[in-house]
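The primary structure of each chain is shown beneath.
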Amino acid sequence: MAAPTAPARIRRQLPTSPWLFAAPGLLVTGAFVLYPFVSTVVNSFTDRRTLLPGRFVGLANYRELLHDDMFWTGLRNSTLYIAGVVPALVILPLLLALLVHRNIPGITFFRSAFYTPVVASIVVVGLIWVWLLDERGLVNSLLQAVGVGRVGFLSDQWLLLLSAMAVTVWKGLGYYMIIYLAALANVPRELHEAAAVDGAGPVRRFLTVTVPAVRSTMVLVAALSSVAAFKVFSEVYLMAGPSGGPAGEDTTLVMLVQRTGTGLTGRVGYASALSVVVFAVTVALMLLVLRADRGEES
């Protein structure tokens, strides 16, 4: 009797065979993504604390949010962070990608140099910038040497927030530059040559050829940077400290979640409600960016 052919062997396989291959990934996703998400949503309707199971309180945590001044402070700072960081991370990496897009001798060195902050630890980067911007740091020493005087980069409410934004932009430039480089590689050279023949200069070619060609990538960068900016934690935490700067005025929503939900007396239920709000806002941000992109296309 002849051996069964390959299609026959495939038909004889159990219908559960694909699920066996997908099971490890599904287990990891369920254990570390789905379960924590569902647990957070459930806890947001309880008054659970770190060492206490808690009881069901309905929407009490969400009603408390509306009267919590720190919640509104965190929401304000997270929103300002988006307004300050996203435009810079959409435009500056594109300009940087245009600079290193050409294949000229030595350009690999500059690409690697611009990408170095991305692979550096955020803790190391944050500490370096703290040392630079401290009242006795390098920047203030130089300002004092030229007669400007010391500037409270880490003591003034708004300067501290702007300093943290600068760190976020500096660290993210190389990452989004790589994304733009991949998009620029797919822009036909003939379009630039045709625009140059028509008399278009570099600026006009950038606005009429490059920007339309990478517009979908710009939308992707805007969505990714918006979510990352709204969920910012490390930069502000390292530069402002656990208290969130002077009187906690530089606290972001994620910092408030960490501060509220940790410790032996942490309010896990209330922190879970804050986390659900952060999740809802990030989803809304992505939908707004995608809707705006579709509106421009139509």
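Source: prediction; values computed, not measured.

## Things to note about the overall build of the chain
1) Next: A tally of regular secondary structure across the chain gives 14 helices and zero strands.
2) Next: Secondary structure elements of the chain occur, N-terminal to C-terminal, as α-α-α-α-α-α-α-α-α-α-α-α-α-α.
3) Next: The C-alpha atoms of the chain give 25 Å as radius of gyration, which overshoots the globular expectation for 298 residues (19 Å, by more than 25%).
4) Next: Oriented by its inertia axes, the alpha-carbon framework of the chain measures out at about 90 × 65 × 40 Å.
5) Next: Within the chain, the proportion of its 298 residues that are buried is 36%.
6) Next: Here the contacts in the chain between residues at least 6 apart in sequence split such that 67% fall between residues at least 24 apart.
7) Next: Element-wise, carbon and sulfur atoms account for 69% of the exposed surface of the chain, whose accessible area totals about 17800 Å².
8) Next: Between the averaged position of the 22 positive side-chain charges in the chain and that of its 16 negative side-chain charges there is a distance of 11 Å.

## Some words on the side chain of Lys 171
1) Next: With respect to the helices and strands, Lys 171 occurs in helix α8 (residues 157-184).
2) Next: No salt bridge is formed by the buried Lys 171; its nearest oppositely charged neighbour, Glu 235, is found at 7.5 Å.
3) Next: Engagement of the side chain of Lys 171 in a polar contact is seen with the backbone oxygen of Pro 117, the distance being 2.7 Å.
4) Next: A polar atom in the side chain of Lys 171 sits 3.2 Å from the backbone oxygen of Val 118.
5) Next: Once residues lying within four places of it in the same chain are set aside, the contact partners of Lys 171 are Pro 117, Val 118, Ala 120 and Ile 122.

## Observations concerning the environment of Val 119
1) Next: Within the secondary structure, Val 119 sits in helix α5 (residues 107-119).
2) Next: For Val 119, a relative accessible area of 63% corresponds to the exposed category.
3) Next: Separated by 56 residues in the primary sequence, Val 119 and Tyr 175 have C-alpha atoms spaced 9.1 Å apart.

## A closer look at the pattern of salt bridges
1) Next: Across all of its chains, the model carries three salt bridges by this definition.
2) Next: Among the salt bridges present, the one from Arg 55 reaches Asp 47, with a minimum N-O distance of 3.5 Å.
3) Next: One salt bridge connects Glu 64 with Arg 267, and the closest N-O pair in it is separated by 2.9 Å. Residue Glu 64 is located in helix α3 (residues 60-66), and its partner Arg 267 is located in the loop between α13 (253-261) and α14 (268-297); the two are separated by 203 residues in the primary sequence.

## Structural notes on unusual backbone geometry
1) Next: Even without being a glycine, Ala 247 presents a positive backbone phi close to 60°.
2) Next: Mapped onto the elements of the fold, Ala 247 is located in the loop between α12 (234-240) and α13.
3) Next: Overall, Ala 247 belongs to the exposed group, its relative accessible area being 74%.

## Structural notes on helix α10 (residues 202-213)
1) Next: Its twelve residues place the ends of α10 15 Å apart at the C-alpha level, agreeing with the 16 Å of an ideal helix rising 1.5 Å per residue.
2) Next: All of the buried residues in α10 are Phe 206, Val 209 and Thr 210. The arc that holds the buried residues of α10, viewed along the axis, is 120°, so those residues lie on one side. For α10, exposure combined with an orientation more than 90 degrees from the buried face picks out Arg 204 and Leu 207.
3) Next: For α10, the elements touching its buried residues are α4 (69-100), α8 and α9 (189-197).

## Thoughts on the environment of Leu 160
1) Next: Along the polypeptide, Leu 160 turns up in helix α8.
2) Next: A residue is classified by how much of its surface remains accessible, and Leu 160, at 1% relative accessible area, is buried.
3) Next: As a C-alpha pair, Leu 160 and Val 254 span 94 residues in sequence and 17 Å in three-dimensional space.
4) Next: In this structure Leu 160 touches Phe 153, Leu 154, Met 239, Ala 240, Gly 245, Pro 246 and Asp 250, once residues within four positions along its chain are discounted.

## Re the nonpolar core
1) Next: Core analysis: the largest hydrophobic core is formed by 62 residues, its most contacted members being Leu 65 and Tyr 81.
2) Next: At 14 residues, α8 tops the list of elements feeding residues into this core.
3) Next: Beyond its immediate stretch of four places on either side in the chain, Leu 65 contacts Phe 71, Trp 72, Tyr 270, Ala 273, Leu 274 and Val 277.

## Quick look at the confidence of the model for the chain
Low pLDDT marks regions whose predicted coordinates should not be analysed in detail.
1) Next: Across the chain, the average pLDDT comes to 87, with 93% of residues at or above 70.
2) Next: The weakest mean pLDDT in the chain belongs to helix α1 (residues 6-12) at 55; the strongest belongs to α3 at 94.

## A few points about the layout of surface pockets
1) Next: Estimated volume of the largest pocket: approximately 580 Å³.
2) Next: Lining of the largest pocket is provided by 15 residues; of these, Leu 98, His 101, Arg 102, Arg 189 and His 192 occupy positions nearest its centre.
3) Next: Put simply, the parts of the chain that give the lining of the largest pocket at least two residues each are α9 and α10.
4) Next: Among the elements that make up the lining of the largest pocket, the one with the highest residue count is α10 (four residues).
5) Next: Partitioned by chemical class, the residues of the lining of the largest pocket number seven nonpolar, four polar and four charged.
6) Next: Size it by volume and the second largest pocket reaches roughly 310 Å³.
7) Next: Lining the second largest pocket are 16 residues; nearest its centre among them are Thr 168, Gly 172, Tyr 176, Ala 228 and Glu 235.
8) Next: Element by element, the count of residues in the lining of the second largest pocket is highest for α8, at five residues.
9) Next: Considered class by class, the residues forming the lining of the second largest pocket number nine nonpolar, four polar and three charged.

About the criteria used
Residues numbered from 1 in each chain as written. Predicted model: local features only at pLDDT ≥ 70, side-chain atom pairs only at ≥ 80, totals over all residues. Heavy atoms only, no water. Helix = DSSP H or I, 4+ residues; strand = E, 2+ residues; numbered from the N terminus. Rg over C-alpha atoms; globule rule 2.2 N^0.38 Å. Buried < 20%, exposed > 50% of the residue type's maximum accessible area, 1.4 Å probe, protein only. Contact = heavy atoms within 4.5 Å. Areas by Shrake-Rupley, 256 points an atom, 1.4 Å probe, with all protein chains shown as cover. Lys, Arg positive; Asp, Glu negative; His and termini not counted. Charge placed at Lys NZ, Arg CZ, Asp CG, Glu CD. Salt bridge = Lys/Arg side-chain N within 4 Å of Asp/Glu carboxyl O. Polar contact = N/O pair within 3.5 Å; in protein donor to acceptor, adjacent residues only side chain to side chain. Expected span 1.5 Å × (residues − 1). Arc of directions from axis to C-beta. Core = buried A, V, L, I, M, F, W, Y, C linked by side-chain atoms within 4.5 Å. pLDDT = per-residue confidence, 0-100. 1 Å grid on protein atoms, 1.4 Å probe; cavity = no way out; pocket = protein on both sides within 12 Å on 5 of 7 lines; lining within 4 Å. Points joined across faces, edges and corners; volume = space filled by probe spheres on them. Nonpolar A, V, L, I, M, F, W, Y, C, P; charged D, E, K, R; others polar.

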